Amino acid sequence: MRHADGGGLTPAGRLRRESVRMQAAELFEQQVRPTEVAGLLRVSVKSVYQWRRLWQGGGREALASLGPSGSRCRLSPRCPDKPAAYLEHGPAAHGWVEDQVWTASRVATLIGRKFHVSCSVSGATNTPRLHSALRTALLGEQSPTS
């Protein structure tokens, strides 16, 4: 199932899925067969075999959630202030004249245009260097430094 956050699961969905994988780890430790694990947890046998391979290679830690899916933003660490400065100029300065609202999609597009890197919508909004600037731009909050 796809979700509105750019594909993948919501944070609550990721927690539920991780919980199922941890239950599978308990069953692996009890040497329950993969087909039985799949039936007990109501998941596919293929997923259970995949989880078991991960578990055998790295234990429970290998079954932990990796966070949101989607490509990460590939901004260079050498340009920490430039993205925030572009956001401060406002959407109209970058061609969005219909309204003065930054959306996550517009931020991802702006990053692509200005830095020539691919960035998903979720990747753009989860970039630490942009976090306070985005919070200010998207939610109208005061940044912690001001």
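The rules we used
- Residues numbered from 1 in each chain as written.
- Predicted model: local features only at pLDDT ≥ 70, side-chain atom pairs only at ≥ 80, totals over all residues.
- Heavy atoms only, no water.
- Axes fitted to C-alpha atoms, helices over the stretch in contact; angles between N-to-C directions.
- Helix = DSSP H or I, 4+ residues; strand = E, 2+ residues; numbered from the N terminus.
- Parallel < 35°, antiparallel > 145°, perpendicular 65-115°, else oblique.
- Contact = heavy atoms within 4.5 Å.
- Core = buried A, V, L, I, M, F, W, Y, C linked by side-chain atoms within 4.5 Å.
- Buried < 20%, exposed > 50% of the residue type's maximum accessible area, 1.4 Å probe, protein only.
- Salt bridge = Lys/Arg side-chain N within 4 Å of Asp/Glu carboxyl O.
- Expected span 1.5 Å × (residues − 1).
- pLDDT = per-residue confidence, 0-100.

Another aspect to go through is the packing of helix H1 (residues 11-29) against helix H3 (residues 45-58). In contact at an axis separation of 10 Å, H1 and H3 are set at 70 degrees when each is read in the N-to-C sense. Taken together, the axis directions place H1 and H3 in an arrangement best described as roughly perpendicular. Contact residues: H1 offers Val20, Arg21, Ala24, Ala25, Phe28 and Glu29, while H3 offers Val48, Trp51, Arg52 and Trp55.

Ala24, Phe28, Val37 and Leu63 are the most contacted members of the largest nonpolar core, which has 13 residues in total. For this core, the secondary-structure elements that each account for two or more residues are H1, helix H2 (34-41) and H3. Counting residues per element, this core draws most heavily on H1, at 5 residues. Every residue in contact with Phe28, bar those within four places of it in the chain, is listed here: Val37, Val48, Trp51, Arg52 and Trp55.

What the rule picks out here adds up to 5 salt bridges. Two residues, Glu29 and Arg60, come together in a salt bridge whose shortest N-O distance is 3.4 Å. With Glu29 in helix H1 and Arg60 in the loop between H3 and helix H4 (82-88), this pair connects stretches of sequence that are 31 residues apart. By relative accessible area, which is 46% here, Glu29 ends up partly exposed. Residue classification places Arg60 among the partly exposed residues on the basis of a relative accessible area of 28%. Here Asp99 and Arg106 are joined by a salt bridge, their closest N and O atoms 2.7 Å apart. With a relative accessible area of 12%, Arg106 lands in the buried category. Via salt bridges that share partners, Glu26, Glu29 and Arg60 belong to a single interconnected network.

Time to look at H1. Counted at 1.5 Å a residue, the expected span for H1 with its 19 residues is 27 Å, and the 27 Å between its end C-alpha atoms agrees. Among all positions of H1, only Gly13, Arg14, Arg21, Met22, Ala24, Ala25, Leu27 and Phe28 are buried. Buried residues along H1 sit against H2 and H3. Downstream of H1 by a residue or two, Gln31 has a phi angle that is positive, lying close to 60 degrees.

Right, let's talk about the confidence of the model for the protein chain for a bit. For the protein chain, mean pLDDT is 79; residues scoring 70 or higher make up 69% of the total. The least confident element of the protein chain, judged by mean pLDDT, is helix H7 (residues 128-139) at 61; the most confident is H2 at 96. Within the model, pLDDT remains below 50 along residues 1-6, and this stretch shows 9 contacts once partners closer than five positions in the same chain are excluded. Counted against residues more than four places away or in other chains, residues 141-146, with its pLDDT under 50, gives 7 contacts.

The next subject is unusual backbone geometry. Although it is not a glycine, Gln31 adopts a positive phi angle of roughly 60 degrees. Looking at the secondary structure, you find Gln31 in the loop between H1 and H2. Exposure remark for Gln31: the relative accessible area of 72% places this residue in the exposed category. With a phi close to 55 degrees, Arg42 is a non-glycine residue in the positive phi region. Locating Arg42 in the fold gives a position in the loop between H2 and H3.

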